[in-house]
Amino acid sequence: MMNVRSGVETLRWRAGALEMIDQRVLPARFEYLRHGSAAEVAQGIRAMVVRGAPAIGCAAAYGIALEALALQQESRGVFGAGLERAFEVLAESRPTAVNLFWALKRMRRVWDSSQSRALTEIADILLGEAHEIAAEDVRINRAMGAHGAALLADGARVLTHCNAGALATAGHGTALGVIRSAVEGGKRISVIADETRPFLQGARLTAWEMVQEAIPVTLITDNMAGHLMSHGEVDAVIVGTDRVAANGDVANKIGTYMVAVLARRHGIPFYVACPLSTIDLSVADGAAIPIEERAAQEVTGFRDCQWAAQGVRVRNPAFDVTPAELVTALITEKGVVMHPNRTSIAALFGA
Ligand code: MRU
């Protein structure tokens, strides 16, 4: 068995602070930024230092732990009020990826159940929970990888959109985790990475991850996917997701819907790698998923280069919704759910 190890540590705990790879400057520079409070972590999430649904959830959990550690010598009142503010500022950082809210809920449950303890102990317990959320994320990604790898044939050419790799998680990745697991199992997989306008997660992050590990990767601009599919050059599509509704509708990076429609048109399977923490049973369907709108400057240019006319009106929805009917299967840590629907999704939670 080949060993495909992603050496990327997206987030790491060092000397009492959270360090996160600055994903805004990759691949030109590889550097960690230090985050010492919940407000700094929230700012890191908002500014896209860290991005990707599971990674955002892990970062938020560490944000709560950081605040608890900073306030552990204060009175209970000050500790409680400070922690509440931390929950608020983190919950406001980005709206679409449900893993953020899932992780905050989990941290709140731990806080609630440890209220009677000393503040120093509560802070320790919250830090332990943040570490556990991150470690669990890697285990879940490996389980999804094992289930999903079986869906890919030897020699498969797999198109992916955005970055659902180690950089979007605590390690291994969701969609790229499936690809890594298939390669580990001896399959010759090649990746077609959509560049993913406007933030270029595909060009900057997915291509970088694959090049690091010598997994063959071809970069295309988003508008080339249909051409390649029509020429028989794509065998499967795998993407990650930011939130799956109770009926199986999938929110993911803007442009995913377009890829799913193209895949259906060409009879290509469209797989979504999705940890259970990304499924939100409280939203009935995709129409109820909040879609983040980001700054116009992301569309009118990139960094210092502006190419659009000054004053032009811009739309910049960061995510779109792919209806469940276009999803061939959800790949979860509990197994593969073919043609997901309300009943099969509820069954994942034992309902
Ligand atoms: O805006 P981003 O970069 O946070 O968007 C990320 C995505 O859309 C990913 O595909 C999704 O979070 C799944 S990551 C495992």
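Residues numbered from 1 in each chain as written. Predicted model: local features only at pLDDT ≥ 70, side-chain atom pairs only at ≥ 80, totals over all residues. Heavy atoms only, no water.

Visitor: Looking at this model, I keep getting lost on unusual backbone geometry. Mind explaining?
Guide: Negative phi is the rule for most residues except glycine; trans is the rule for most peptide bonds. A cis amide bond links leucine 26 to the next residue, proline 27, at an omega of 0°. Cis geometry marks the peptide bond from arginine 197 to proline 198, where omega comes out at 5°. Mapping proline 198 onto the fold places it in the loop between strand E5 (190-194) and helix H7 (201-212). A positive phi is found at leucine 200, a non-glycine position, where the angle reads about 65°. Leucine 200 gets classed as buried once you look at its relative accessible area, which sits at 16%. In this structure, alanine 214 is a non-glycine residue whose phi angle is positive, near 60°. Turning to its location among the elements, alanine 214 is positioned in the loop between H7 and strand E6 (217-220). (Helix = DSSP H or I, 4+ residues; strand = E, 2+ residues; numbered from the N terminus. Buried < 20%, exposed > 50% of the residue type's maximum accessible area, 1.4 Å probe, protein only.)

Visitor: Would you explain the site of the ligand in this entry?
Guide: Taken together, 18 residues lie around the ligand, and Arg51, Ala53, Arg94, Asn252 and Lys253 are the ones closest in. Using a 2 Å cut-off from the grid points, one finds that the ligand occupies the largest cavity. Secondary structure elements with two or more residues in the shell around the ligand: helix H2 (53-71) and strand E9 (250-253). For the shell around the ligand, the per-class residue count stands at seven nonpolar, seven polar and four charged. Summarising the domain contributions, the shell around the ligand has at least three residues from each of domain 1 (4-141) and domain 2 (148-348). (Near = heavy atom within 4 Å. 1 Å grid on protein atoms, 1.4 Å probe; cavity = no way out; pocket = protein on both sides within 12 Å on 5 of 7 lines; lining within 4 Å. Sits in = over half its atoms within 2 Å of the grid points. Nonpolar A, V, L, I, M, F, W, Y, C, P; charged D, E, K, R; others polar. Domains from an automatic or database assignment.)

Visitor: Would you explain the sheet that holds strand E8 (residues 243-245) in this entry?
Guide: Sheet strands associate in pairs through backbone hydrogen bonding, adopting either a parallel or an antiparallel arrangement. Taken in spatial order, the four strands make up an open sheet running E11-E8-E9-E14, and their pairing is mixed. Edge positions in the sheet fall to strand E11 (279-280) and strand E14 (319-322), since each has one partner strand and no second. Inspection of the sheet shows E9 paired to E14 by four bridges, in the antiparallel sense. Note on E14: the bridge partner recorded for asparagine 252 is aspartate 320. Against the sheet, helix H9 (residues 256-265) touches E9 and E14, its axis set at about 30° to E14. (Pairing = 2+ DSSP bridges. Contact = heavy atoms within 4.5 Å. Axes fitted to C-alpha atoms, helices over the stretch in contact; angles between N-to-C directions.)

Visitor: How should the confidence of the model for the chain be read in this particular structure?
Guide: Taken as a whole, the chain shows an average pLDDT of 97; of its residues, 98% reach a score of 70 or greater. Confidence, expressed as mean pLDDT per element, reaches its minimum in the chain at strand E12 (residues 301-302) with 93 and its maximum at strand E10 (residues 270-273) with 99. (pLDDT = per-residue confidence, 0-100.)

Visitor: How do you make sense of the sheet that holds strand E3 (residues 32-35) when you look at a structure like this?
Guide: Across the sheet, three strands lie side by side as E1-E2-E3; this open sheet has antiparallel pairing. Each of the sheet's edge strands pairs with one partner strand only, and the pair in question is strand E1 (11-14) and E3. Adjacent strand axes in the sheet meet at a mean angle of 30°, parallel and antiparallel pairs treated alike. Sheet analysis places strand E2 (residues 17-21) next to E3, joined by four bridges and oriented antiparallel. The partner of isoleucine 21 across the bridge, within E3, is tyrosine 32. The strands touched by H2 are E1, E2 and E3; relative to E1, the strand with the most contacts, the crossing angle is about 20°.

Visitor: Is there a simple way to explain helix H6 (residues 175-184) in this structure?
Guide: It helps to recall that an α-helix has 3.6 residues per turn; residues three or four apart then point in one direction. When you tally the buried positions in H6, you get 10 out of 10 residues, the bulk of the element. When we look at burial in H6, the residues that qualify are Ala175, Leu176, Gly177, Val178, Ile179, Arg180, Ser181, Ala182, Val183 and Glu184. Within two residues after H6, glycine 186 carries a phi angle of roughly 100°, on the positive side.

Visitor: Just checking my understanding: could you explain empty space enclosed by the protein for this structure?
Guide: A probe matching the size of a water molecule, rolled over the atoms, marks out where space remains unfilled. As enumerated under the stated definition, the model contains three cavities of 30 Å³ or more in all. Looking at the largest cavity, its volume works out to about 200 Å³. As for the largest cavity, its lining consists of 24 residues, and the residues nearest its centre are Arg51, Gly52, Ala53, Asn163 and Asp242. Only H2 and E9 provide two or more residues apiece to the lining of the largest cavity. It is H2 that contributes the most residues to the lining of the largest cavity, three residues altogether. Considered class by class, the residues forming the lining of the largest cavity number 10 nonpolar, 10 polar and four charged. When residues of the lining of the largest cavity are assigned to domains, at least three map to each of domain 1 (4-141) and domain 2 (148-348). Lining of the second largest cavity is provided by Pro54, Gly57, Cys58, Asn99, Trp102, Ile133, Glu136, Asp137, Ile140, Pro275 and Ser277. Among the secondary structure elements, those contributing two or more residues to the lining of the second largest cavity are H2, helix H4 (98-113) and helix H5 (119-149). With four residues, H5 is the largest single contributor of residues to the lining of the second largest cavity. (Points joined across faces, edges and corners; volume = space filled by probe spheres on them.)

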